[in-house]
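Breakdown of the fold
Below are the chains, spelled out letter by letter.
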Amino acid sequence: MIEELQTAWEEKCRVPQYQMYSAALDGVLRKIRKYYTKFNEKSVYVLSLILHLYYKLTYIRMAWGSSEEQKQEHEAGNPNAKDWHDKALQVIERMMEE
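Residues numbered from 1 in each chain as written. Predicted model: local features only at pLDDT ≥ 70, side-chain atom pairs only at ≥ 80, totals over all residues. Heavy atoms only, no water.

**Looking at the overall build of the protein chain**
- Assigned secondary structure in the protein chain consists of six helices and zero strands.
- Written out in order from the N terminus, the α and β elements of the protein chain read α-α-α-α-α-α.
- Here the C-alpha radius of gyration of the protein chain, 16 Å, is well above what a compact globule of 98 residues would show, namely 13 Å.
- Along the longest, intermediate and shortest principal axes, the C-alpha atoms of the protein chain span 50 × 30 × 20 Å.
- Within the span of the protein chain, comprising 98 residues, buried residues form 17% of the whole.
- The long-range share in the protein chain, meaning contacts at least 24 apart out of those at least 6 apart in sequence, stands at 40%.
- Carbon and sulfur atoms form 55% of the exposed surface of the protein chain, whose accessible area is close to 7600 Å².
- Side chains of the protein chain give 14 positive and 15 negative charges; the mean places of these two sets differ by 7 Å. (Helix = DSSP H or I, 4+ residues; strand = E, 2+ residues; numbered from the N terminus. Rg over C-alpha atoms; globule rule 2.2 N^0.38 Å. Buried < 20%, exposed > 50% of the residue type's maximum accessible area, 1.4 Å probe, protein only. Contact = heavy atoms within 4.5 Å. Areas by Shrake-Rupley, 256 points an atom, 1.4 Å probe, with all protein chains shown as cover. Lys, Arg positive; Asp, Glu negative; His and termini not counted. Charge placed at Lys NZ, Arg CZ, Asp CG, Glu CD.)

What follows is the structure, encoded as structure tokens:
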């Protein structure tokens, strides 16, 4: 949901009729990015997706990406791209050990 909201507002930033709101949209987008990146630090978020019958690891691979998407991002010039599927597996393994 957060990602969809962020995407919708980023698109509005490119539409001329919303130029008068650009400062407000920039502020909101900074706030969304701040909290969206905090999801990376929360194991419970990943675990809730894994336990949910609909989402599981397939959703994480589809929506967040895996090694294929990481490789594409690296080739496109993003050195910070992550294999989110692998990160989710690491969270699961760490939580299972605990």
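That covers the picture; the talk isn't over yet.
**As for the pattern of salt bridges**
- Within this structure, the stated rule accounts for two salt bridges.
- Of the charged contacts, one joins Glu 10 and Arg 33 as a salt bridge, the two residues approaching to 3.1 Å between their closest N and O atoms. With Glu 10 in helix α1 (residues 2–13) and Arg 33 in helix α2 (residues 22–38), this pair connects stretches of sequence that are 23 residues apart.
- When its relative accessible area of 23% is taken as the criterion, Glu 10 is described as partly exposed.
- Judged by relative accessible area, which is 36%, Arg 33 ranks as partly exposed.
- The partner of Glu 68 in a salt bridge is Arg 61, and the shortest N-O contact between them spans 4.0 Å. (Salt bridge = Lys/Arg side-chain N within 4 Å of Asp/Glu carboxyl O.)

**So, the side chain of Gln 6**
- Tracing the chain through its elements places Gln 6 in helix α1.
- Gln 6 gets classed as buried once you look at its relative accessible area, which sits at 12%.
- Aside from chain neighbours lying at most four places away, what touches Gln 6 is Leu 29, Ile 32, Arg 33 and Tyr 36.

**Quick notes on the confidence of the model for the protein chain**
- Scored by pLDDT, the protein chain has a mean of 83; 92% of the residues are at 70 or more.
- Looking across the protein chain, the model is least confident in helix α3 (residues 43–51), with a mean pLDDT of 72, and most confident in helix α5 (residues 67–75), with 90. (pLDDT = per-residue confidence, 0-100.)

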